[in-house]
Protein chains: 2
Amino acid sequence: MSRQGFVLWFTGLSGAGKSTLAQKVAPLLRAKGVRVEVLDGDEVRENLSKGLSFSKEDRDVNVRRIGFVANLLARNGVCAITAAISPYRAVRDECRAKAQVPFVEIHVKAPLAVVESRDVKGLYKKARAGEIPNFTGVSDPYEEPTRPEIIVHTDRESADESARKILSYLAQRGLVAE
Amino acid sequence: MSRQGFVLWFTGLSGAGKSTLAQKVAPLLRAKGVRVEVLDGDEVRENLSKGLSFSKEDRDVNVRRIGFVANLLARNGVCAITAAISPYRAVRDECRAKAQVPFVEIHVKAPLAVVESRDVKGLYKKARAGEIPNFTGVSDPYEEPTRPEIIVHTDRESADESARKILSYLAQRGLVAE
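Every value quoted in this text rests on a predicted model; they were computed, and no experiment measured them. (Residues numbered from 1 in each chain as written. Chains lettered and ligands numbered in written order. Predicted model: local features only at pLDDT ≥ 70, side-chain atom pairs only at ≥ 80, totals over all residues.)

Student: Even after reading the chapter, I still don't get the overall build of chain A, so can you show me in this structure?
Tutor: Across its full length, chain A carries 7 helices and 5 strands. Reading the secondary structure of chain A in the N-to-C direction produces β-α-β-α-α-β-α-β-α-α-β-α. At 16 Å, chain A has a C-alpha radius of gyration in line with the 16 Å of a compact globule built from 178 residues. For chain A, the spread of C-alpha atoms along the three principal axes comes to 50 × 35 × 25 Å. Once local pairs closer than 6 in sequence are excluded, the contacts in chain A between residues at least 24 apart make up 78%. (Helix = DSSP H or I, 4+ residues; strand = E, 2+ residues; numbered from the N terminus. Rg over C-alpha atoms; globule rule 2.2 N^0.38 Å. Contact = placed C-beta atoms within 7 Å.)

Student: What's the story with the sheet that holds strand β5 (residues 150–153) of chain B in this structure? I'm lost.
Tutor: Backbone-to-backbone hydrogen bonds pair the strands of a sheet. The strands run either parallel or antiparallel. Residue and element names in this part refer to chain B. Read from one edge to the other, the open sheet built from 5 strands follows the order β2-β3-β1-β4-β5, with strand pairing classed as parallel. Each end of this open sheet is capped by a strand with a single partner; those strands are β2 (36–40) and β5. Averaged over all adjacent pairs, the angle separating strand axes in this sheet is 20°, with direction ignored. As defined by bridge partners, strand β1 (residues 6–11) adjoins strand β3 (residues 79–83) across 4 bridges and the pair is classed as parallel. Note that in β3 the partner of Phe 6 across the bridge is Cys 79. (Pairing = 2+ DSSP bridges. Axes fitted to C-alpha atoms, helices over the stretch in contact; angles between N-to-C directions.)

Student: Looking at this model, I keep getting lost on the nonpolar core. Mind explaining?
Tutor: Side chains that are nonpolar tend, in soluble globular proteins, to be buried together. Formed by 92 residues in total, the largest nonpolar core has its most connected members in Val 7 and Ile 81 of chain A together with Val 7 and Ile 81 of chain B. Aside from chain neighbours lying at most four places away, what touches Ile 81 of chain A is Leu 8, Phe 10, Ala 22, Val 25, Ala 26, Val 36, Val 38 and Leu 39 of chain A. (Core = buried A, V, L, I, M, F, W, Y, C linked by C-beta atoms within 7 Å. Buried ≥ 20, exposed ≤ 12 C-beta atoms within 10 Å, placed from the backbone.)

Student: It is not clear to me how the relation of the copies chain B and chain A should be interpreted in this structure. Could you clarify?
Tutor: The operation linking the two copies of the chain is a rotation about an axis combined with a translation along the axis. The two copies are related by a screw motion: chain B maps onto chain A through a turn of 180° and a shift of 0.0 Å along the axis, at an RMSD of 0.0 Å. The relationship between the two copies is best expressed as a two-fold rotation axis. Judged by C-alpha distance, Leu 73 of chain B is the residue of chain B that lies nearest the rotation axis, at 3.1 Å. Here 100% of the contact residues of chain B are again contact residues in chain A; the copies associate through an equivalent surface. (Least-squares fit on C-alpha atoms with pLDDT ≥ 70 in both.)

Student: When you look at the sheet that holds strand β3 (residues 79–83) of chain A in this model, what are you seeing that I'm missing?
Tutor: All names here are of chain A. What the 5 strands build is an open sheet, ordered β2-β3-β1-β4-β5; its pairing is parallel. Taken across any chain shown, the strands that pair with only one partner, and hence form the sheet edges, are β2 (36–40) and β5 (150–153). Within this sheet the neighbouring strands show an average axis-to-axis angle of 20°, counted without direction. When strand β1 (residues 6–11) meets strand β4 (residues 103–109), the two strands line up parallel, connected through 5 bridges. Bridge pairing in β4 places Val 7 opposite Phe 103.

Student: Help me out: how do you make sense of the environment of Gly 41 of chain A in this one?
Tutor: Residues and elements named next belong to chain A. For Gly 41, the location among the structural elements is in helix α2 (residues 41–48). The class of Gly 41 is buried, set by 21 C-beta atoms lying within 10 Å. As for Gly 41 and Val 69, which are separated by 28 residues in sequence, their C-alpha atoms are 13 Å apart. Every residue in contact with Gly 41, bar those within four places of it in the chain, is listed here: Ala 83, Ala 84 and Ile 85.

Student: Where do I start with the interface of chain B and chain A in this structure?
Tutor: The figure often quoted for interface size is the accessible area lost as the parts come together. If you look at the interface, chain B gives 14 residues, while chain A gives 14 residues. Classifying every residue of the side of chain B that touches chain A gives 7 nonpolar, 4 polar and 3 charged. (Nonpolar A, V, L, I, M, F, W, Y, C, P; charged D, E, K, R; others polar.)

Student: Help me out: how do you make sense of the pairing of β3 of chain A in this one?
Tutor: Each regular strand shows side chains that alternate between the opposite faces of the sheet. Residues and elements named next belong to chain A. Counted residue by residue, β3 has 5 buried out of 5 residues, so it is predominantly covered. Where burial is concerned, the two faces of β3 agree: the one with Cys 79, Ile 81 and Ala 83 and the one with Ala 80 and Thr 82 are both buried. Here β2 pairs with β3 via 5 bridges, running parallel. The residue bridging Glu 37 from the neighbouring strand is Ala 80, located in β3.

Student: Please explain the environment of Ala 90 of chain A as it appears in this structure.
Tutor: Along the chain, Ala 90 of chain A turns up in helix α4 (residues 89–98). Through-space distance from the C-alpha of Ala 90 of chain A to that of Glu 37 of chain A is 24 Å; in sequence the pair is 53 residues apart.

Student: Would you mind going over the confidence of the model for chain A with me for this structure?
Tutor: Detail in the predicted coordinates should be disregarded across regions flagged by low pLDDT. Residues with a pLDDT of 70 or more make up 99% of chain A, whose mean pLDDT is 95. Here the complex is predicted with pTM 0.94, and the ipTM for its interfaces comes to 0.91. (pLDDT = per-residue confidence, 0-100.)

Student: I keep staring at the pairing of β1 of chain B and nothing clicks. Help me out?
Tutor: Here β1 of chain B lies mainly inside the structure; 6 of its 6 residues are buried. By the alternation rule, side chains of β1 of chain B split into Phe 6, Leu 8 and Phe 10 of chain B and Val 7, Trp 9 and Thr 11 of chain B, which are all buried.

Student: Would you explain α4 of chain A in this entry?
Tutor: The periodicity of an α-helix, 3.6 residues per turn, causes residues three or four places apart in sequence to face the same way. Residues and elements named next belong to chain A. Within α4 the residues assigned to the buried category are Val 91, Arg 92 and Cys 95. Down the axis, α4 shows its buried residues gathered within 105° of arc, on one side only. The exposed residues of α4 that point more than 90 degrees off its buried face are Ala 90 and Ala 97. (Arc of directions from axis to C-beta.)

Student: Please explain unusual backbone geometry as it appears in this structure.
Tutor: In most cases, non-glycine residues show a negative phi, while peptide bonds are predominantly trans. Residue and element names in this part refer to chain B. Although it is not a glycine, Asp 119 sits at a positive phi angle of roughly 45°. Its location among the elements puts Asp 119 in the loop between α5 (112–118) and α6 (123–128). Classification of Asp 119 as partly exposed rests on a count of 15 C-beta atoms within 10 Å.

Structural data, given as structure tokens:
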């Protein structure tokens, strides 16, 4: 229980499966005695960043706040899972640099064509219709991580496979029990 | 170590001694094996609320964010100490109502005349000169708690005495070891 905390930083396009995977990984970690907190993108916007837009500047502020809170939790022994798109590389790297704990970046990767065809929340359709400005992948950039600790391919792995890959990595790093 | 977390919510005028007392209490709790995180007013503004003003509306947003983060920490076994002025009763009570953990409100109390005569940061002088708008106690209200768990009188108790009073209360409540 007094194990060291760490940050699991999921990044990827809207609809790539970040939240699904976070919700899959969290109970597996809890079963190993790890305290887990999932900072979901939508929940964080509501509670920490209401009023911020999706401009680059405001997105960066939002992601910095997520990084700040994740670090607070993790330095107190919690596994803080973040599941926001966090599209800009520089600010993700800034969060990594400021973290006082192990920082594990997970690229939740699927081709735009795939996530757009799924369009679980109907957001891509709206974005293509010009109803949502600054939509990542459509009218705003997504900068892939250059050296993520883990890449999961959600277009060709099941969520269970991706979750096992993550748990296996964490065990190898000594962050959770085998 | 797996003891339940809780929130220690300090409230009081600028200069009443909230941060001083938080910094006094934190190591005493750590010595009892409690994980402690101090959410200082200035640090939180910088990291979670940059750009917010000191209008009632923006202060309320800031205090809600502090409450959100304090609860996240505390529900993971941490003692989250908040040390922001948090002048409005309704939003403090809202944070209490939303907390999923024991919430201990501490009124750090000293007469305005006393804290103003100390004026450690020189802020009261500036506020009286009209250089700082919406300054609590001068040009903005401070609403005292009606039923705080603890009141410490920093005009007539030493910081050590106040800290002992708080520790003694927490031990009685079973939140820390005797």
